[in-house]
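Now for the letters of each chain:
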Amino acid sequence: MQATGWGALPMLAVMLPVLAMVVALPLGARRAERLTLAMLPAGLALAIGTAVAVQVGGAPVVHLLGHWSPPLGLAFRADGLAAAMLLTAAVVIGAVAIFARADFGTKAGQPERREAFAFWPLLLAVWSAINLAVVANDLFTLYVALELLTFAAMPLVCLDGSRTTMEAALRYLMFALLGSVLYLLGVALIYGACGTLDITLLARMAPDQPAVILAIVLMTVGLLAKTALLPLHLWLPPAHAGAPAAASAVLSALVIKGSFVLLLRLWFGVMAGQPMPGAAQILAGLGAAAILLGSVAALREARLKLLVAYSTVAQIGYLFLMFPLLASVAADSQVAAMAWSGGAVQAVSHAFAKAAMFLAAGIMAARFGHDRIVELGGAGRAMPVTLLTFGLAGLSLMGVPPSGGFAAKWLLLSAAIGAGQWWWALVVLGGGLLTGGYVYRVLASGLRAGEGAPDPAPIAWQRDGVALGLAVISVVLGFLPLAAFGLVQVGRLGVLP
Amino acid sequence: MSATIFGLLGAALVGIGLFGMLVRVSGVLRLLSFNVLGGGIFLVFGVVARRGAGAGLAGDPVPQALVLTGIVVAFAATTLAVALLLRLGRDGE
């Protein structure tokens, strides 16, 4: 593998936040906050630069660490999917950082608080880890990235230090640790069988030994636990229930996507030569079950925050519908391209929509002092922008045209019909209806005239603006011409020359 | 020959650890199971290093380097979990 021009961009996108995190630790809460805010434009510029370089060059951007090329050295390889995820991460982290200033900011004259001191470095750590998880091209580096992601996200869940959130954090940590040791065992088996861990080299080798198949199975199960696909989703709703809104947004929008991207790289990179249609049907079956059961749980949930969390469980299911579609057709066919774009756009649009939804839910919970859905009456009068944000994000999750969610679901639907697997098309349509049901519940309750509605006092406009901005992005993605999604096709491993 | 024995030992540890992580309810026991499982995996890495050794060398250095990183990561995970368990235990009194 050769290094390409602009390879330093994705490398810096990984290095800058982690360096800032190390520098922020001795600086204290106040200056850590300023440092994080100063990092945002730099990180966004690096992500945009990477995306432009990938799109214009039409090839992945590769950086060789220390000029050693694999198998001896390690490579960073930013393909189209990685560039899209870098951009998503930069925008979502930026929005969350601005939103979180009200909760974790240290105002002039106030003493610094423990939560504020913990929050900013952890946010930088999550950012760096998610960037590493999408650009690293070495299975062991990816293991380290996944662990960093867990170690940074887990403390965010229990920032308030109460017993319930600590228990939720411990449960999350146990699921994540089980997932990562299974993944690590797979790494050992693959190295033993192939002698390299570089994904591109492995894809060329097209390994088919039983040890590699076993390794892929172990790693898939481990990554499913980290992605929270049903039935390994049990840690996700409790983790979200007590977490601050900003942490929930990051966890649902970004953290679980890291392991998902890695799963794609395993199945359609390392194993590109040996598609496993049978196993892929099982994965999509779990995804369909997640859509159904997650949506039903969301329909029955009494608390707004948990409703949004179960909606995440359901939306993750959509991501796995692309597996059988990709596995059953030729890698360079039109249908495979549609399925790949559909999955990638779903990951991106869900990230924006869900971050917006959690932030809106956080604003409502802060104003009402609770988040019981039936008692949200009057929200439409007291905080119209917040409810609008929730509604717009909901439209994108439902897949109502024109929105990012619609583009994703349309692509998946067309790919399912193109691949002759119409049953997945039914799942996509049914899931949209169920999503409409639970979004309606919240909106209907919020638009009623209520007893306990707070006075229409002004909310910090940045908070509402940031959440609305994210929701608008998730909708505007649907206005992009389909050709714009060509970015995520660049450097797909299965169609490597 | 010794590689085979160590490999089987590693497999046994992985099995015991996995069983413990899935079956145990107590946080401390689960954490210990995680460490047993991790130890088994590190042994497997050692076996991989021995079997992939070049002529005249005791072992392939790459898996040995990976094991070192793996041990550091597992240690960090264990300390995090212990810190959480201690906090939970103290709150319970």
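This structure is a prediction, so every number in the text was calculated from the model and none was measured. (Residues numbered from 1 in each chain as written. Chains lettered and ligands numbered in written order. Predicted model: local features only at pLDDT ≥ 70, side-chain atom pairs only at ≥ 80, totals over all residues. Heavy atoms only, no water.)

Draft legend 1. Main features of the overall build of chain B. Along its length, chain B carries 3 helices and 0 strands. Listed N to C, the secondary structure of chain B is α-α-α in terms of helices and strands. Relative to the 2.2 N^0.38 estimate, which gives 12 Å for 93 residues, the radius of gyration of chain B is 16 Å and therefore markedly larger than a compact globule would have. The dimensions of chain B, computed from C-alpha atoms along their principal axes, are 60 × 25 × 15 Å. Taking all 93 residues of chain B together, the buried fraction comes to 37%. A sequence separation of at least 24 residues applies to 52% of the contacts in chain B between residues at least 6 apart. (Helix = DSSP H or I, 4+ residues; strand = E, 2+ residues; numbered from the N terminus. Rg over C-alpha atoms; globule rule 2.2 N^0.38 Å. Buried < 20%, exposed > 50% of the residue type's maximum accessible area, 1.4 Å probe, protein only. Contact = heavy atoms within 4.5 Å.)

Draft legend 2. Layout of the side chain of Thr227(A). All names here are of chain A. Looking at the element boundaries, Thr 227 is found in helix 8 (residues 210–227). We classify Thr 227 as buried; its relative accessible area is 1%. Of note is the side chain of Thr 227, whose polar atom sits 2.6 Å from the backbone oxygen of Leu 223. Among all residues touching Thr 227, those that are not within four sequence positions of it are Ile 256, Ser 259, Phe 260, Ile 316 and Phe 320. (Polar contact = N/O pair within 3.5 Å; in protein donor to acceptor, adjacent residues only side chain to side chain.)

Draft legend 3. Here's a closer look at the environment of Arg101(A). Residues and elements named next belong to chain A. Structurally, the position occupied by Arg 101 is in helix 3 (residues 80–104). Judged by relative accessible area, which is 43%, Arg 101 ranks as partly exposed. Separated by 95 residues in sequence, Arg 101 and Thr 196 have C-alpha atoms that sit 45 Å apart. Once residues lying within four places of it in the same chain are set aside, the contact partners of Arg 101 are Glu 33, Leu 37 and Trp 120.

Draft legend 4. Representation of the interface of chain B and chain A. In this complex, chain B contributes 31 residues to the contact, which on the side of chain A involves 26 residues. Of the roughly 2,600 Å² buried at the junction of chain B and chain A (both faces included), carbon and sulfur atoms supply 87%. At the boundary of chain B and chain A, one finds 0 salt bridges. At the junction of chain B with chain A, the criterion picks out 2 residue pairs in polar contact (both at pLDDT 80 or more). (Buried area = accessible area lost by both parts, 1.4 Å probe. Salt bridge = Lys/Arg side-chain N within 4 Å of Asp/Glu carboxyl O.)

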